[in-house]
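# Summary of structural features
Listed here are the chains, written in short residue letters.
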Amino acid sequence: SKAGLIRNCRCNGASKFTAGANLEIVGIPSGTTITLADKALFEVRAITTTLFRMTYSVSGTFTLATAHIDGAPSTTASYTVSNGQVSVSWGSNSTFSGTSNSTSFTFTGMPEEIMPITPGKITGYYHARDNGVAGSAYIQIGVSTFNQWLVSFTNGAGWTASGQKWLNTTEVNYRIA
């Protein structure tokens, strides 16, 4: 390869790439493997004859769901990943509001390509309500199950299994690595 050469590529099937001495993946630490879905686009630039820099972006949709509110609400969520930065969004704050049926609150359905390299990443704090008590909650990604988000209520006692359970956000952002 020649320094400065650029190739735009598309994955043929789910593809794994590992950042290392000869391949820099923007936003991803060396030694870390990422998975890009079928048809994901990426660009590879030759920095030298032996060093290449990869940039990428992927997007898609998935069904975001919880079983910890009566009726097991779900919605279609959209995601984008650009050089390790993930943004997930869905339609309405009221989607995940209803009568609690568990002391847990998790979301499921996330595809592998948006899961962080290190489990337990906290995405931020959001307004929440549990059984009439207003407070805040944070989301940890991939704590006990790989493709699961754990929502923790920060009132000290955690979620109750009755009354209203509500999370006030329609977007979650975090870095893969």
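So, here's what we can say about the structure.

Parameters at a glance
- Residues numbered from 1 in each chain as written.
- Predicted model: local features only at pLDDT ≥ 70, side-chain atom pairs only at ≥ 80, totals over all residues.
- Heavy atoms only, no water.
- 1 Å grid on protein atoms, 1.4 Å probe; cavity = no way out; pocket = protein on both sides within 12 Å on 5 of 7 lines; lining within 4 Å.
- Points joined across faces, edges and corners; volume = space filled by probe spheres on them.
- Helix = DSSP H or I, 4+ residues; strand = E, 2+ residues; numbered from the N terminus.
- Nonpolar A, V, L, I, M, F, W, Y, C, P; charged D, E, K, R; others polar.
- Phe/Tyr/Trp six-rings, centres within 6.5 Å; stacked < 30°, edge-to-face > 60°.
- Buried < 20%, exposed > 50% of the residue type's maximum accessible area, 1.4 Å probe, protein only.

Scanning the entire structure with this criterion turns up one cavity of 30 Å³ or more. Put simply, the parts of the chain that give the lining of the largest cavity at least two residues each are strand E4 (33-36) and strand E6 (52-65). Element by element, the count of residues in the lining of the largest cavity is highest for E4, at three residues. Here the lining of the largest cavity is composed, by residue class, of six nonpolar, one polar and one charged.

Enumeration according to the criterion identifies 11 aromatic pairs in this entry. Summarising the aromatic geometry, the rings of Phe-105 and Phe-107 are spaced 5.3 Å apart at their centres and angled 50° between planes, so their arrangement reads as tilted. Assigned by exposure class, Phe-105 and Phe-107 land together as buried. Plain terms: the ring middles of Tyr-125 and Tyr-138 are 5.5 Å apart, the flat faces sit at 65° to each other, and that makes the pair edge-to-face. Linking Tyr-125 in strand E11 (residues 121-130) with Tyr-138 in strand E12 (residues 133-141), this pair joins segments that are 13 residues apart in sequence. One aromatic cluster in this structure is built from Trp-90, Phe-96, Phe-105, Phe-107, Trp-149, Phe-153 and Trp-159.

A few words now on unusual backbone geometry. At Lys-39, a residue that is not glycine, the phi angle is positive and equals roughly 75°. Residue placement: Lys-39 occurs in the loop between E4 and strand E5 (41-46). Assessed through its relative accessible area of 52%, Lys-39 is described here as exposed. A positive phi angle, near 45°, is found at Ala-72, a position not held by glycine. Note on Ala-72: relative accessible area 43%, which makes it partly exposed.

Nothing here speaks to function; it is geometry throughout.
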